[in-house]
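# Fold and contact review
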Amino acid sequence: MGIGCVVLDFDGTFTDVAAEGAPFVRHFKHHLGEVLGQDAGRVEEAWREEEAAVLAGAHAFGWDIGGRTVAPATADPYLLSNCVARQLMNRYGVMTEQHQRDEALQSLYREAYKLTGTAFKPEAKEVLEALLATGLPVWVVTNAHTDLVDAKLDRLAPKGRERLKVKGDARKYLIQPPADSDARFASVPETLSFGELLPRPVYLRRGLYYEALSDIWDTTGTGPESTLVAGDIYELDLALPAVLGAQVQFVARDNALPYELKAMALLGPRGGSDRSLRAILPRLRG
């Protein structure tokens, strides 16, 4: 079946997340100090120690939501900041209740994200214009707020921008059923395993992400089998649509993990991996 719809992640997929994330980290760290009740110097020193520990053991740490690891901690500055913050909360005995900690960190993320820079990858405009020129429906599905992503895309101003739709606050990290479950979601297994490559499960049943995808399919009259999804973090962006039958393209990070590359290889012709966004375009031709 040919491609009838394109779904794109945003941060790290079309943006230089390291460049954009620098002001985010500064703001996040400053306000985390207030939550921890510690002065800036002490937070800075403790942050360096915990960050080094996380980076030294990529599989041992991750984005923890409700006691389950839902993404690798090392994938981008946002995930790394979240993981380091949790380690510091453990260190100082702050917000020991899981739900309270989740809410506080999500609030910190939202406030700090407002200060992110705008740094698109060099080929971002070219690729978006090529995608829009096909006439296919093209959607951005992101955990960030819709208005903030819309504003960044407006600044990029690709030709055909008015047809590029954004679904923000997708909360791809939440492991829960959708508001209205259906047979398609019910068929999704709870987890995938990658054996020695990843000593923890990959959780698949991300109901709010599924709702966003389902709404797109209903709106466009398409389905997973005719959809191409591109993203830079396998667990957040690609695992669920791949299991549903979509074609997926991993926009590989410099620090892509072995299990992410293995996941693409296991998909055969439905999976692809390349550092360049330009590799998305040949996928439209089958």
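Residues numbered from 1 in each chain as written. Predicted model: local features only at pLDDT ≥ 70, side-chain atom pairs only at ≥ 80, totals over all residues. Heavy atoms only, no water.

## Let's talk about unusual backbone geometry
Rule in force here: Each helix is a run of DSSP H or I of at least 4 residues and each strand a run of E of at least 2, with the numbering of both proceeding from the N terminus. Only protein chains enter the accessibility calculation, which uses a 1.4 Å probe; a residue is then buried when its area is under 20% of its type maximum, exposed when over 50%, and partly exposed in between.
Positive phi is not limited to glycine here, since Met95 has a value of about 50 degrees. One can find Met95 in the loop between helix H3 (77-92) and helix H4 (98-113). In this structure, Asp169 is a non-glycine residue whose phi angle is positive, near 55 degrees. We classify Asp169 as partly exposed; its relative accessible area is 25%.

## Some points on helix H10 (residues 258-266)
Note the cut-off: Directions from the helix axis toward the C-beta atoms define the arc. Any two residues whose heavy atoms approach within 4.5 Å are treated as being in contact.
Taken as a whole, H10 has its buried residues at Tyr259, Glu260, Ala263 and Met264. Take H10 and look down its axis: the buried residues cluster within an arc of 145 degrees, on one side only. Pointing more than 90 degrees away from the buried face of H10 are the exposed residues Ala265 and Leu266. Its buried side turned inward, H10 meets strand E3 (68-72), strand E7 (202-203), helix H9 (234-244), strand E9 (247-251) and strand E10 (271-274). Within two residues after H10, Gly268 carries a phi angle of roughly 60 degrees, on the positive side.

## Considering the domain arrangement of the protein
Threshold: Each domain span listed reflects an automatic or database assignment of domains. We define buried area as the total accessible area lost by two parts upon association, computed with a 1.4 Å probe and summed across both. We define a salt bridge as a contact between a side-chain nitrogen of Lys or Arg and a carboxyl oxygen of Asp or Glu at a distance within 4 Å. Each polar contact in these results corresponds to two N or O atoms within 3.5 Å; when the atoms are within protein, one needs to be able to donate a hydrogen and the other to accept it, and residues that are neighboring in sequence are counted only if both atoms are side-chain atoms. Under the grouping applied here, Gly and all other residues not named as nonpolar or charged are polar, the nonpolar ones being Ala, Val, Leu, Ile, Met, Phe, Trp, Tyr, Cys and Pro and the charged ones Asp, Glu, Lys and Arg.
Here the protein is described as being made up of domain 1 (5-16 + 120-284) and domain 2 (18-114). Computed over C-alpha atoms only, the centres of domain 1 and domain 2 are separated by 25 Å. In total, domain 1 and domain 2 occlude about 2200 Å² of area from one another, counting both sides; carbon and sulfur atoms represent 57% of this. Taken as a group, Asp16, Tyr173 and Arg200 account for 26% of the area that domain 1 buries against domain 2, more than any other trio of residues on that side. Put simply, Lys152 and Glu20 hold a salt bridge, and the shortest N to O gap is 3.2 Å. Scanning the region where domain 1 abuts domain 2 turns up 9 residue pairs in polar contact (both at pLDDT 80 or more). For the side of domain 1 that touches domain 2, the secondary structure elements donating two or more residues are helix H6 (146-156) and H9. When residues of the side of domain 1 that touches domain 2 are assigned to their parent elements, the largest contribution, 3 residues, is made by H6. In the side of domain 1 that touches domain 2, the residues fall into 16 nonpolar, 4 polar and 8 charged.

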